[in-house]
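A look at the structure
Here are the chains, one letter per residue:
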Amino acid sequence: MKNPQYSLSATLKHPEIEAMLSKITGVSRVGAVAEASCATCSGEATSFRDAVSRKEYTISAMCQTCQDDFFGISED
Ligand SMILES: [Zn+2]
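Residues numbered from 1 in each chain as written. Predicted model: local features only at pLDDT ≥ 70, side-chain atom pairs only at ≥ 80, totals over all residues.

Points about the overall build of the protein chain
When its secondary structure is counted, the protein chain shows four helices and zero strands. What you see in the protein chain, going N to C, is helices and strands ordered as α-α-α-α. Each of the 76 residues in the protein chain was classed as buried or not, and the buried ones make up 18%. Restricting to contacts in the protein chain with at least 6 residues of sequence separation, those with at least 24 account for 39%. (Helix = DSSP H or I, 4+ residues; strand = E, 2+ residues; numbered from the N terminus. Buried ≥ 20, exposed ≤ 12 C-beta atoms within 10 Å, placed from the backbone. Contact = placed C-beta atoms within 7 Å.)

A few points about the environment of cysteine 41
With respect to the element layout, cysteine 41 can be found in the loop between α2 (29-34) and α3 (51-60). You can call cysteine 41 partly exposed: it has 15 C-beta atoms within 10 Å. Sequence spacing of cysteine 41 and cysteine 63 is 22 residues, and the spatial spacing of their C-alpha atoms is 8.1 Å. Those residues in contact with cysteine 41 that sit more than four places away from it in its chain are Cys63 and Cys66.

A look at the confidence of the model for the protein chain
Residues of the protein chain with pLDDT of at least 70 account for 78%, and the chain-wide mean is 78. Averaged pLDDT values for the elements of the protein chain fall to 76 in helix α1 (residues 15-25) and rise to 94 in helix α4 (residues 64-71). Note that residues 5-11 has pLDDT below 50 and, in this model, six contacts with residues that lie over four places away or in other chains. (pLDDT = per-residue confidence, 0-100.)

Focus: the nonpolar core
Grouped together as the largest cluster of nonpolar side chains are eight residues: Ala32, Cys38, Ala39, Ala45, Tyr57, Ala61, Met62 and Cys63. Sequence-distant contacts of alanine 61, defined by excluding residues within four places in its chain, comprise Arg29, Ala32, Val33, Cys38 and Ala39. (Core = buried A, V, L, I, M, F, W, Y, C linked by C-beta atoms within 7 Å.)

Quick look at unusual backbone geometry
The phi dihedral of alanine 36 falls on the positive side, at around 55 degrees, and the residue is not glycine. For alanine 36, the position within the fold is in the loop between α2 and α3. Its 12 C-beta neighbours within 10 Å are what place alanine 36 among the exposed residues. The phi dihedral of alanine 61 is positive, around 60 degrees, even though this residue is not glycine.

Some points on α3
Along α3, the residues classified as buried are Glu56, Tyr57 and Ser60. Looking down the long axis of α3, one finds its buried residues gathered within 105 degrees of arc, a one-sided arrangement. What points out from α3, more than 90 degrees from its buried face, is the exposed set Ala51, Lys55 and Thr58. Following α3 by one or two positions, alanine 61 adopts a phi angle in the positive range, close to 60 degrees. (Arc of directions from axis to C-beta.)

This is the structure we're talking about:
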């Protein structure tokens with residue numbers, strides 16, 4: 001399945017993207033990661049499917065569920 005949002009994972013370190021995420025979530029991304037919480041749903045972010053998802057969490061501070069919602073679940 002083609003997911004046009006997938007390319008976001010390569011650009012999330014851009015300051016404007018971080019600012020956008022903070023604006024959307026109202027939560028400090030860095031603070032959320034430090035607390036192992038999700039910046040999107042405020043839930044726990046302690047369990048990830050794989051190393052890629054864990055890495056993504058350090059970038060976007062989204063838990064596995066929110067990552068799946070945001071990026072879509074890749075089956076390939
Ligand atoms: Zn979440």
